[in-house]
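One-letter residues, chain by chain:
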Amino acid sequence: MRHMVYLALALGLVPVQSTVLDHLSIAGVRPDLCLVAVSLIGFFGGMADGMLMGALLGFEQDLFSAGEAWVSVITKAVIGLSGGLVARYVAHVTPVTVAPMMVGLSLCSGMAFLFAGAGGPDAMTAVQAILAPQALLDGVVGVAAFWVLAERFKKDDSLV
Amino acid sequence: MFRSTSVTRRVLLALCALLLSLVFVLPKQSHTLLQAIGRPLADVVAIPLELLSSTDRRVGSFWDRYVALRRVQEENEQLRREIEFLRGQTADLREMAAANQRLTELLSFQARTPSQTVAARVIGRDATNWYHGVVLDKGEQDGVRPEMGVVTLAGAVGRVVKTRASSSVVLLIIDPNNAVTSLIQRTRDEGIVEGTFGGKARMKYIPLLSTMRVGDPVVTSGLTGGFPKGVPVGTITSIQKDEGGLFQSAEVRPEVDFTKLEEVLVVTTPRGTEEPPVALPEEKSKP
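Residues numbered from 1 in each chain as written. Chains lettered and ligands numbered in written order. Predicted model: local features only at pLDDT ≥ 70, side-chain atom pairs only at ≥ 80, totals over all residues.

**Here's the deal with the overall build of chain B**
Test applied: Numbering of helices and strands runs from the N terminus, with a helix taken as a DSSP run of H or I at least four residues long and a strand as a DSSP run of E at least two residues long. Exposure criterion: with C-beta atoms placed from backbone coordinates, a residue whose C-beta has 20 or more other C-beta atoms within 10 Å is buried, one with 12 or fewer is exposed, and one in between is partly exposed. A pair of residues counts as a contact when their C-beta atoms, built from backbone coordinates, are separated by no more than 7 Å.
What chain B contains, in helices and strands, is four helices and twelve strands. Out of the 287 residues in chain B, the part that is buried amounts to 29%. Sequence-distant contacts, at least 24 apart, represent 56% of the contacts inside chain B between residues at least 6 apart.

Next comes the structure, spelled out in structure tokens:
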């Protein structure tokens with residue numbers, strides 16, 4: 001079951017991100033579904049799963065982006081690993097604790113993009129126009145997804 | 001009792017026969033008489049007639065509205081289904097007509113332009129928020145290569161930055177990482193158009209002595225990049241002159257609506273058909 005979910009995510013998430021999600025953007029900024037998915041995979045599936053799926057989804061994202069071909073691979077793999085670490089070392093994880101984790105991971109990922117030159121010469125504008133709103137969106141979507149998954153896994157642990 | 005009834009009947013019969021004879025013998029005069037007799041009768045008869053008619057209408061209405069509703073409901077559902085089907089068909093046809101018009105215009109543009117182009121469809125947006133990019137459905141197997149320019153009828157769109165066998169990624173001219181050498185069409189002053197945040201572009205390195213004005217069109221210079229000369233880039237909306245600066249800059253509103261990109265042309269050879277180099281006869285004879 002877990003592998004089927006991973007396969008579905010690997011095949012469907014980036015196409016959804018680059019097509020459907022464009023209609024749901026707020027001020028031109030969309031939540032990074034891959035980031036949310038990878039951190040939750042790390043959280044629920046462990047560090048190894050998070051890192052591997054992060055690298056795979058990041059690679060796919062780089063394929064369909066105009067940016068450098070390594071930024072998403074590395075950032076998403078690190079985010080997957082971080083999700084696994086949080087699950088291992090944080091005692092009581094609730095949506096309230098997941099929110100800052102998601103926002104923080106999104107900010108770190110955004111900083112990596114800025115260092116790679118994605119925002120152009122005007123980095124401060126990029127922070128205001130992309131980095132901060134995306135982090136907030138990722139936080140909201142991440143918490144919602146975490147809540148749904150946490151409720152689901154309470155009932156059926158075999159999915160994990 | 002029986003006798004009196006018989007007498008009355010006879011009198012009535014006699015009166016009736018007289019009346020009929022009168023009608024037969026004097027038709028015009030009898031007509032007035034009949035009308036005079038018939039009017040109150042008609043008025044009296046009209047009362048139950050109206051009552052019956054009203055009842056009939058009400059019963060009929062009741063039947064149509066309530067008793068026969070089942071058939072009407074079925075008919076209604078069928079008509080609704082038909083309307084939905086026809087609406088879907090109309091939407092499809094409108095979409096096809098719009099696509100047909102766009103593609104016809106694109107083909108017409110393709111035929112007019114001296115450059116060789118490949119038509120492509122936009123199938124997605126950049127997978128991250130960090131770049132203004134689009135994904136095209138044409139790639140290396142269609143002759144698309146990195147650094148090729150991408151245009152539409154309206155003007156310059158961007159340049160190809162990544163290619164794969166059957167798809168490619170285009171960095172739009174409104175991305176801060178993109179730069180296109182351009183010139184102001186009226187004054188012929190050259191500069192570089194770069195993207196800015198907010199879906200606009202800025203033309204930099206314009207000479208201080210330029211007499212450009214707001215509203216001047218900006219076109220590609222054709223000197224570098226994959227664009228032919230003269231492709232519209234945008235229109236100048238404001239001009240900035242820095243104190244002590246060596247150049248002027250101008251904000252440019254792009255001609256292309258990047259939120260509605262659907263079909264584009266990838267410029268494979270910006271300066272027309274490139275014929276293969278032909279060796280001279282002397283060179284051929286050389287060993």
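So that's the structure; there's more coming.
**Side note on the sheet that holds strand S1 (residues 116–125) of chain B**
Defined as follows: Any two strands between which DSSP finds at least two bridges are classified as paired. Here an angle of 0 to 180 degrees is reported between the N-to-C directions of two axes, which are lines fitted to C-alpha atoms, with helices fitted over the stretch in contact.
With antiparallel pairing, six strands are arranged side by side around a closed barrel as S1-S2-S5-S4-S3-S12 (chain B). Neighbour-to-neighbour, the strand axes of the sheet open up by a mean angle of 45°, direction not taken into account.

**What to know about the packing of helix H2 (residues 33–45) of chain A against helix H4 (residues 71–89) of chain A**
Residue and element names in this part refer to chain A. As a reminder of what qualifies: Should an angle fall under 35 degrees it is called roughly parallel, over 145 degrees roughly antiparallel, and 65 to 115 degrees roughly perpendicular, with every other angle called oblique. Take the far helix as your reference; a near helix turned counterclockwise from it by less than a right angle gives a left-handed crossing, and one turned clockwise gives a right-handed crossing. In this count, Pro and Cys sit with the nonpolar residues alongside Ala, Val, Leu, Ile, Met, Phe, Trp and Tyr, while Asp, Glu, Lys and Arg are called charged and the others, Gly among them, polar.
Taken N-terminus to C-terminus, the directions of H2 and H4 make an angle of 40°; their axes are 6 Å apart at the nearest point. The angle between the axes of H2 and H4 places the two elements in the oblique class. Every pair of crossing elements has a handedness; the one defined by H2 and H4 is right-handed. Contact residues: Cys 34, Leu 35, Val 38, Ser 39, Leu 40, Ile 41, Gly 42 and Phe 43 in H2; Lys 76, Ile 79, Gly 80, Leu 81, Ser 82, Gly 83, Gly 84, Val 86 and Ala 87 in H4. Tallied by class, residues from the contact of H2 with H4 come to ten nonpolar, six polar and one charged.

**Here we look at the nonpolar core**
To keep things clear, this is the line we draw: Nonpolar cores are identified as sets of buried Ala, Val, Leu, Ile, Met, Phe, Trp, Tyr and Cys residues joined via C-beta atoms within 7 Å.
Within the largest apolar cluster, 80 residues are counted, with the highest numbers of intra-cluster contacts made by Ala 37 of chain A together with Val 157, Val 170, Ile 173, Val 233, Val 264 and Val 266 of chain B. Among the elements that make up this core, the one with the highest residue count is H2 of chain A (ten residues). When near neighbours in sequence (up to four residues on either side) are disregarded, Val 266 of chain B contacts Thr 117, Val 118, Ala 120, Lys 138, Val 144, Met 148, Val 150 and Val 160 of chain B.

**Thoughts on the sheet that holds strand S10 (residues 232–241) of chain B**
All names here are of chain B. An order of S6-S7-S8-S11-S10-S9 is seen for the six strands of this closed barrel, with the pairing classed as antiparallel. Between one strand and the next, the sheet's axes are offset by a mean angle of 40°, whatever the strand orientation. As judged from the four bridges shared by strand S7 (residues 190–195) and strand S8 (residues 201–207), these two strands associate in the antiparallel manner. Bridged to Glu 194 within S8 is Arg 202.

**Topic: the pairing of strand S6 (residues 179–184) of chain B**
Residues and elements named next belong to chain B. Both S6 and S7 contribute to a ladder of five bridges, which runs antiparallel. Bridged to Ala 179 within S7 is Glu 194. Between S6 and S7, which pair antiparallel and follow one another directly, the connecting turn spans five residues, one of which, Arg 188, has a positive phi of 65°. Looking at chain direction, S6 and strand S9 (residues 217–220) are connected through three bridges and run antiparallel. Looking across to S9, one finds that Ile 184 is bridged to Val 218.

**Some words on helix H5 (residues 95–115) of chain A**
All names here are of chain A. Put simply, the rule reads: Any helix carries an expected span of 1.5 Å times its number of residues minus one.
For H5, with 21 residues, the first-to-last C-alpha span of 30 Å sits near the 30 Å given by 1.5 Å per residue. Considered for burial, the residues of H5 that qualify are Val 98, Met 101, Met 102, Val 103, Leu 105, Ser 106, Ser 109, Gly 110 and Phe 113. Trailing H5 by a residue or two, Gly 117 shows a phi angle of about 90°, which is positive.

**Re the pairing of S10 of chain B**
All names here are of chain B. For S9 and S10, the ladder comprises three bridges, and the chain directions are antiparallel. Bridge pairing links Pro 217 to Thr 235 in S10. In terms of strand pairing, S10 meets strand S11 (residues 247–254) through seven bridges, oriented antiparallel. Looking at the pairing, Ser 238 lines up with Glu 251 of S11. Joining the antiparallel neighbours S10 and S11 is a turn of five residues, in which Gly 244 adopts a positive phi near 75°.

**A look at the packing of helix H1 (residues 2–18) of chain A against helix H3 (residues 47–63) of chain A**
In helix packing, the relevant descriptors are the interaxial angle and the interaxial distance, both defined with respect to the helix axes. All names here are of chain A. Running from amino to carboxyl end, H1 crosses H3 at an angle of 20°, the nearest separation of the two axes being 9 Å. On the basis of their axis angle, the class for H1 and H3 is roughly parallel. The interaxial crossing formed by H1 with H3 has right-handed handedness. Packed against H1, whose contacting residues are Tyr 6, Ala 10, Leu 13 and Val 14, the element H3 presents Met 53, Leu 56, Leu 57, Glu 60 and Gln 61 at the interface. The residue inventory of the contact of H1 with H3, partitioned by class, reads seven nonpolar, one polar and one charged.

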